[in-house]
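Descriptive analysis of the structure
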Number of protein chains: 2
Amino acid sequence: MRPQDIIRKKRDGAELSREEIEFFVRGVTSGEIADYQSTALLMAIFLNGMTDAEQSALTNAMLHSGDILDFSDIPKPKADKHSTGGVGDKTSLLIAPLAAAAGICVPMISGRGLGHTGGTLDKLESIPDYRVNLSLKEFRAVLDRCGFAMNGQTAEIAPADRKLYSLRDSTATVEAIPLIVASIISKKGAAGLDAMVIDVKTGSGAFMRQDDRARELARALVKTGNSLGVRSQALITDMNQPLGQAVGNSVEVLECIELLRGEIKEGARPVLDLSIELAARMVTLVELEPSIDAARARINRVYESGAALECFRANVEAQGGDPRVCDEPAKILPLTEKSFKVESPRSGFVIKVDTEEMSVGFIADVKIGSELQTDDLIGTVFSADVERGRRAAKRISSAYEIANQRSPELLSLIKEVIE
Amino acid sequence: MRPQDIIRKKRDGAELSREEIEFFVRGVTSGEIADYQSTALLMAIFLNGMTDAEQSALTNAMLHSGDILDFSDIPKPKADKHSTGGVGDKTSLLIAPLAAAAGICVPMISGRGLGHTGGTLDKLESIPDYRVNLSLKEFRAVLDRCGFAMNGQTAEIAPADRKLYSLRDSTATVEAIPLIVASIISKKGAAGLDAMVIDVKTGSGAFMRQDDRARELARALVKTGNSLGVRSQALITDMNQPLGQAVGNSVEVLECIELLRGEIKEGARPVLDLSIELAARMVTLVELEPSIDAARARINRVYESGAALECFRANVEAQGGDPRVCDEPAKILPLTEKSFKVESPRSGFVIKVDTEEMSVGFIADVKIGSELQTDDLIGTVFSADVERGRRAAKRISSAYEIANQRSPELLSLIKEVIE
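Keep in mind it's a predicted model, so treat the numbers as computed, not measured. (Residues numbered from 1 in each chain as written. Chains lettered and ligands numbered in written order. Predicted model: local features only at pLDDT ≥ 70, side-chain atom pairs only at ≥ 80, totals over all residues. Heavy atoms only, no water.)

**Some thoughts on the overall build of chain A**
A count of helical and extended segments in chain A gives 16 helices and 13 strands. Over its C-alpha atoms chain A spans a radius of gyration of 22 Å, differing by no more than 12% from the 22 Å that the globule rule assigns to 419 residues. Overall, chain A is about 65 × 45 × 40 Å in size when its C-alpha atoms are taken along their principal axes. Put simply, chain A has 419 residues, and 58% of those count as buried. Computing the positive centroid from 51 side-chain charges and the negative centroid from 61, chain A places the two 1 Å apart. (Helix = DSSP H or I, 4+ residues; strand = E, 2+ residues; numbered from the N terminus. Rg over C-alpha atoms; globule rule 2.2 N^0.38 Å. Buried < 20%, exposed > 50% of the residue type's maximum accessible area, 1.4 Å probe, protein only. Lys, Arg positive; Asp, Glu negative; His and termini not counted. Charge placed at Lys NZ, Arg CZ, Asp CG, Glu CD.)

**Quick word on the relation of the copies chain A and chain B**
Rotating chain A by 179° and moving it 0.1 Å along the rotation axis overlays it on chain B with an RMSD of 0.1 Å. In symmetry terms, the pair is related by a two-fold rotation axis. Relative to the rotation axis, the closest C-alpha in chain A is found at Y36 of chain A, a distance of 1.8 Å. (Least-squares fit on C-alpha atoms with pLDDT ≥ 70 in both.)

**Things to note about the packing of aromatic side chains**
Here a ring pair, both rings aromatic, is described through the centre-centre distance and the interplanar angle of the planes. Following the criterion strictly, the structure yields four aromatic pairs over all chains and no others. Geometrically, the ring pair formed by F362 of chain A and Y400 of chain A is tilted, given 6.4 Å between the ring centres and 55° between the ring planes. Residue F362 of chain A is found in strand β9 (residues 362–364), and its partner Y400 of chain A is found in strand β12 (residues 400–403); the two are separated by 38 residues along the sequence. We classify F362 of chain A as buried; its relative accessible area is 0%. With 6.2 Å between their ring centres and 50° between their planes, F71 of chain B and F139 of chain B make a pair best called tilted. You can see F71 of chain B sitting in the loop between α4 (52–63) and β1 (79–83) and its partner F139 of chain B sitting in helix α7 (residues 136–146), a full 68 residues away along the chain. Taking relative accessible area as the criterion, F139 of chain B reaches 2% and is therefore assigned buried. Across the ring face of Y165 of chain B, the terminal group of K187 of chain B is positioned such that the distance to the ring centre comes to 5.2 Å. (Phe/Tyr/Trp six-rings, centres within 6.5 Å; stacked < 30°, edge-to-face > 60°. Lys NZ or Arg CZ within 6 Å of the ring centre and 35° of its normal.)

**Observations regarding the sheet that holds strand β11 (residues 377–382) of chain A**
Residue and element names in this part refer to chain A. Reading across the sheet, the four strands line up as β6-β9-β11-β7 and stay open at both edges, with antiparallel pairing between neighbours. Two strands lie at the open edges of the sheet, namely β6 (246–247) and β7 (339–343), each paired on one side alone. In terms of strand pairing, β9 meets β11 through three bridges, oriented antiparallel. From the neighbouring strand, F362 faces β11, where its bridge partner is V381. Packing against the sheet, helix α16 (residues 386–399) makes contact with β7, β9 and β11, and its axis sits at approximately 20° to β7. (Pairing = 2+ DSSP bridges. Contact = heavy atoms within 4.5 Å. Axes fitted to C-alpha atoms, helices over the stretch in contact; angles between N-to-C directions.)

**A look at the domain arrangement of chain A**
Residue and element names in this part refer to chain A. The assigned domain composition of chain A is domain 1 (3–63), domain 2 (79–157 + 165–331) and domain 3 (339–403). Here the C-alpha centroids of domain 1 and domain 2 sit 29 Å apart. Taken together, the contact between domain 1 and domain 2 spans 17 residues of the former and 21 residues of the latter. Taken together, the two surfaces of domain 1 and domain 2 that pack against each other cover about 1500 Å², and 77% of this comes from carbon and sulfur. The interface formed by domain 1 and domain 2 includes one salt bridge. Taking the shortest distance from any N to any O, the salt bridge between D52 and K223 comes out at 2.8 Å. For the side of domain 1 that touches domain 2, the secondary structure elements donating two or more residues are α3 (35–48) and α4 (52–63). Among the elements that line the side of domain 1 that touches domain 2, the one with the most residues is α4, at eight residues. (Domains from an automatic or database assignment. Buried area = accessible area lost by both parts, 1.4 Å probe. Salt bridge = Lys/Arg side-chain N within 4 Å of Asp/Glu carboxyl O.)

**Quick notes on unusual backbone geometry**
Residue and element names in this part refer to chain B. Residues other than glycine seldom take positive phi values, yet A172 does so here, at roughly 55°. With respect to the element layout, A172 can be found in the loop between α8 (159–168) and α9 (177–190). A positive phi is found at E287, a non-glycine position, where the angle reads about 60°. Relative to the helices and strands, E287 resides in the loop between α12 (269–285) and α13 (292–304).

**Brief notes about the interface of chain A and chain B**
Taken together, the contacts link 20 residues of chain A with 21 residues of chain B. With both chains or domains summed, chain A and chain B bury close to 1900 Å², and 64% of this area falls on carbon and sulfur atoms. Across the salt bridge formed by E175 of chain B and R11 of chain A, the nearest N and O atoms sit 2.9 Å from each other. Counting across the interface, chain A meets chain B through nine residue pairs in polar contact (both at pLDDT 80 or more). Here the element with the most residues in the side of chain A that touches chain B is α3 of chain A; it accounts for ten residues. (Polar contact = N/O pair within 3.5 Å; in protein donor to acceptor, adjacent residues only side chain to side chain.)

**Some details on the packing of α4 of chain B against helix α10 (residues 211–227) of chain B**
Residue and element names in this part refer to chain B. Running from N to C, α4 and α10 cross one another at 60°; their axes reach a closest spacing of 10 Å. Crossing of α4 against α10: the hand is right-handed. Of the residues in α10, those in contact with D52, Q55, S56 and T59 of α4 are K223, T224 and S227. Of the residues in the contact of α4 with α10, the class split is no nonpolar, five polar and two charged. (Left-handed = near helix turned anticlockwise from the far one by under 90°. Nonpolar A, V, L, I, M, F, W, Y, C, P; charged D, E, K, R; others polar.)

**So, the side chain of Q241 of chain A**
Mapped onto the elements of the fold, Q241 of chain A is located in the loop between β5 (231–238) and β6. Once residues within four sequence positions are removed from consideration, Q241 of chain A is found in contact with V87, V353, T355, K367 and I368 of chain A.

**Looking at the environment of I177 of chain B**
All names here are of chain B. Counting through the fold element by element, I177 comes out in helix α9. Taking the relative accessible area as the measure of exposure, I177 reaches 7% and is therefore buried. Between the C-alpha atom of I177 and that of L58, which follows or precedes it by 119 residues, the distance is 12 Å. Sequence-distant contacts of I177, defined by excluding residues within four places in its chain, comprise Q55, M208, R213, E216, L217 and A220.

Here it is in structure tokens:
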């Protein structure tokens, strides 16, 4: 078998066999297949797609390209959440302690930020001394201690994905659904999960801006996850504006801890609602509760009792961070003192938000549908640098589209469930 | 400008601007664009094609990626021939001296063999001490001395092509017409040509097996050559069987020298006919004669007078080879003493030849349409190794398809002229 013959076959639109896909993934992992061959295949996959069988084989081969974590001796169901990411999406920080407090083992392997949005790891690192580069042994110890652990992808987990992922951004092959699916599920599968819930974002602030593409991705994720023995469900959720009020690593962690503490600002409520829903779906997927209503009730109980907050505190301590962040988050987190008000240039209703203009360090006071008078506060930018802060405030001011009429459609956060 | 944005644009089927193409080719040349980005773009070009404007811009950018040879002080028209290659195609060895003897300056930059066919350079190197790695100064001196010079592509000529060409075979992006055209024309253009004739082979022994693909390639070559100021014409010629009798570096040079010497074996005549036709078309393109008939007559004169042979002899000497090869070719060329007869397993007519089975060192005694009795000689294999020679003879024996009926269509060597 030669790499170029496999590339040619995909280039010509034929279906690759399981053996061919495994050969390629092995070669990528070992380095025997050159990067320039990998990217030619990635582009051919981008343009010609993959069948369900190819998708499953690719994901499985990538999943098995490195170590498979084995937590089978932990007497709890294992589940995780994955989000395709969006501006202000910090639900991992809530879902992990909620699900763990509800009795699920959550071995969460997360990524760094992509493009203009920060990743879960970047957010967690704003807690002083919090470590996201645990060894497998440490990861395991944290899991045992508090039911969830948060870590970066190690070299041992799905190295083929690591390699291919690093090539995709610079070769315009990021948005290919077969490659996205293989990347996500291979990492999750290698973490030894029983179940997985996936939050596929759609809208102007999401990676998948169109509903039909988001639905296509969600279906492929669920189908592939199930085909590899990970019970999967996907929610398609709205990302036409930042999720919650806070955008930026420190302020997002602050928002989450405040929510866990029961300090619910109205603008942050969607973060909590979505987190509870996703955690509840994890509970039903692993059959800890017989119905979604019972699962929601279970998650609400661990939220209201403070058990989830305590779980989070235990995790911060176990991962080397300062647990006092749970008591005095605004004091422990590195929040910038300099702030810059963003005010409305006119009166009217917010009808649209261009989230690409949301640089880090912003707290929004309005959302789509909010009514504003001239000079009303849209939000506050935080920046250590005055010039940068002023520019960001200006950019964000123009990112809020204000019209005379409220836009007719009220956006529902959860648009669709794909099972 | 970022490489990935250019890749994305081509991936999405949009037309790249001249600036984008120039940026990419500059980056390929300087090494600032990584190989894995180049191959992603190559695959996107393969699958999405290029417009005429893109084709011309790509070719022009590659042509200008290195030195442009300047022979403007040589008071002769400059022209060259390019062939897409096929088994037994050795016309360069005849066309160069024919055209040079007729008054054309032929700065021929040739390639090595691809796949199962030897390249012009490989053939020439079978002349003892013949050098194909001349410096630019030496190349120029040879041109001055005998009107044609044969050399390999140097690092200075179209380095972007050199780089991209080296990536295409291992990434299944060889057969893309825009890439083939850019590769061929950029090298020819950098050699400072006024005109160019292109021999596009079609049939089972050619790179382009289908007539419509060959025609598409021929048209793109002519259009692009003309758009860059190189007057171009293409001939589509048949390659359903080896051209001439000899296949293999030494025996092909032998066949050519015998032809130049006027020793015309019937089976070698197509080599001479095609060479004269292609050389005559070079003569008309550079307007040394007003009509194709006058041009053919001019080429025939330099052939029959022995001027072309003398031109070849002068070249061999100038390029360091042993000029006695023109007097006693069978003695000077390294021909293998061990030979293996290939005999017909049955009686009938040759209707098809699988040229892929033609390993080097073979002289054919029959062609499509020949009538054979059982045990009649098909040809002779030459090999220093007995075992290999026997295997080759067996393979070639089965490569000749023999049927009871002569196939109805008599193949004409020149199928079409594209102007």
